[in-house]
Amino acid sequence: MTQDRWTAVDSFFHEKLIGEDDALDHALASGRKAGMPEIHVSAAFGALIHLLARTRGAERILEIGTLAGYSTIWLARALPAGGKLISLELDAEHARVARQNVSHAGLIDRVDIRIGEATESLAEMAGAGADPFDFIFIDADKRSNPAYLEGSLRLSGPGTLIVVDNVVRNGAVAGPDSGDPDMVGIRTMIDQVAANPRLTATAIQTVGGKGYDGFAVIRVD
Ligand code: SAH
Ligand code: DHB
Ligand code: MG
């Protein structure tokens, strides 16, 4: 079983369960046109975080890593009326394109895209006593995952669900240790989770159009 098969199966479920979606398709096309890397979540994974956030009844969602707003749209669609999503993005051009895409999706009233180093934005929010988030999606630079987890925990309460993308990376997470700072960030974050008695967590390996990777799901108890 190899990449072609994984891609075909992703396409099969995409056609059956998701189909064409103007807002999502527009976000992907605009990201490509703007020359952004195609590192957005797959449609299948976008649908999964949407379902998790909706099932959690999330009214406040935090995203770390916006890119062109593809996952932002999936998550914002999980919000009830009056709900809020804050998405943190370092690159002002990414944020500009993402705002356009979120507007095009009719969701800009509930989405706030904040430009800057996510660690700083997280510290600012915690310092200002922001209300806890119900659902948090971590998907920015992987080397900062330990800081993103810590910052997220300061903005969490009992029942907050945290999903972290890209924790497997072709299996590299299980070693041998390459010293790659992104992989160090992923492994350190997993150690933090394991050492924290407040957290219940799992990690799932995935294959699909985007290759072999995986995600972690963490519940704050
Ligand atoms: N969640 C998006 C993909 C995000 S890609 C989706 O699935 O559609 C990762 C994003 O994180 C990029 O846009 C990148 O600019 C941003 N990023 C990288 N380093 C960052 C940092 N230090 N602070 C905030 N955002 C950062
Ligand atoms: C990369 C980042 C991602 O968030 C992703 O889903 C895939 C790849 C990257 O930085 O290479
Ligand atoms: Mg990712």
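Since the structure is predicted, the reported quantities are computational estimates derived from the model, not experimental observations.

Definitions and cut-offs
- Residues numbered from 1 in each chain as written.
- Chains lettered and ligands numbered in written order.
- Predicted model: local features only at pLDDT ≥ 70, side-chain atom pairs only at ≥ 80, totals over all residues.
- Heavy atoms only, no water.
- Donors = N, O, S within 2.8 Å, 3.2 Å for Na, K, Ca; no water.
- Buried < 20%, exposed > 50% of the residue type's maximum accessible area, 1.4 Å probe, protein only.
- Near = heavy atom within 4 Å.
- Polar contact = N/O pair within 3.5 Å; in protein donor to acceptor, adjacent residues only side chain to side chain.
- Areas by Shrake-Rupley, 256 points an atom, 1.4 Å probe, with all protein chains shown as cover.
- Nonpolar A, V, L, I, M, F, W, Y, C, P; charged D, E, K, R; others polar.
- Pairing = 2+ DSSP bridges.
- Helix = DSSP H or I, 4+ residues; strand = E, 2+ residues; numbered from the N terminus.
- Right-handed = clockwise from strand over helix to strand, strands pointing away.
- Patch = residues over 30% accessible without salt bridge, like charges linked within 9 Å, V, L, I, M, F, W, Y side chains within 5 Å.
- Salt bridge = Lys/Arg side-chain N within 4 Å of Asp/Glu carboxyl O.
- Phe/Tyr/Trp six-rings, centres within 6.5 Å; stacked < 30°, edge-to-face > 60°.
- Lys NZ or Arg CZ within 6 Å of the ring centre and 35° of its normal.

(A) Quick peek at the coordination of the magnesium ion (ligand 3). With distances of 2.0 to 2.1 Å, the protein atoms coordinating the magnesium ion (ligand 3) are Asp139 (OD), Asp165 (OD) and Asn166 (OD1). One chain supplies every donor for the magnesium ion (ligand 3), spaced along it as D-x25-D-N. As far as burial versus exposure is concerned, Asp165 and Asn166 are alike and both buried.

(B) Representation of the site of ligand 2. Around ligand 2, the neighbouring residues are Ile39, Asp139, Lys142, Asp165, Asn166 and Arg169. Between Ile39 and ligand 2, the recorded distance is 3.2 Å, taken from a backbone N or O atom to an oxygen atom. Burial of ligand 2 by the protein chains amounts to 64% of its free accessible area of 290 Å². Of the residues belonging to the shell around ligand 2, the class tally is one nonpolar, one polar and four charged.

(C) Layout of the pairing of strand 3 (residues 111-115). Sheet topology note: the strand 2 (residues 84-89)/strand 3 ladder contains five bridges and is parallel. Directly across from Leu85, in strand 3, lies its bridge partner Val111. A crossover links strand 2 with its parallel partner strand 3, the connecting element being helix 5 (residues 92-104), and its sense is right-handed.

(D) Spatial organisation of a nonpolar patch on the surface. On the surface, a cluster of nonpolar side chains totalling about 410 Å² of accessible area is made up of Val9, Phe12, Phe13 and Leu17. Along the polypeptide, Phe12 turns up in helix 1 (residues 3-18). Exposure remark for Phe12: the relative accessible area of 43% places this residue in the partly exposed category.

(E) Just the packing of aromatic side chains, in detail. Enumeration according to the criterion identifies three aromatic pairs in this entry. Both rings, one in Phe45 and one in Phe215, keep their centres 4.9 Å apart while their planes meet at 40 degrees; by these two values the pair is tilted. Placement of Phe45 in helix 3 (residues 43-55) and of Phe215 in strand 7 (residues 211-220) is noted, with a sequence separation of 170 residues between them. In this structure, Phe45 and Phe215 share a single accessibility class: buried. Taken together, the ring pairs in this structure connect Phe45, Phe137 and Phe215 into an aromatic cluster. Sitting over the ring of Phe133, Arg60 keeps its end group 4.3 Å from the ring centre.

(F) Quick look at the side chain of His50. Topologically, His50 is positioned in helix 3. On the basis of relative accessible area, His50 is assigned to the buried category, the value being 10%.

(G) Seen up close, the site of ligand 1. Close to ligand 1 lie 20 residues; Val41, Gly65, Ser71, Glu89 and His94 are nearest. One of the backbone nitrogen or oxygen atoms of Ala118 is found 3.0 Å away from a nitrogen atom of ligand 1. Tyr148 has a polar side-chain atom sitting 3.2 Å from a nitrogen atom of ligand 1. For ligand 1, whose free accessible area comes to 590 Å², the fraction covered by protein is 91%. Considering only residue class, the shell around ligand 1 consists of nine nonpolar, six polar and five charged.

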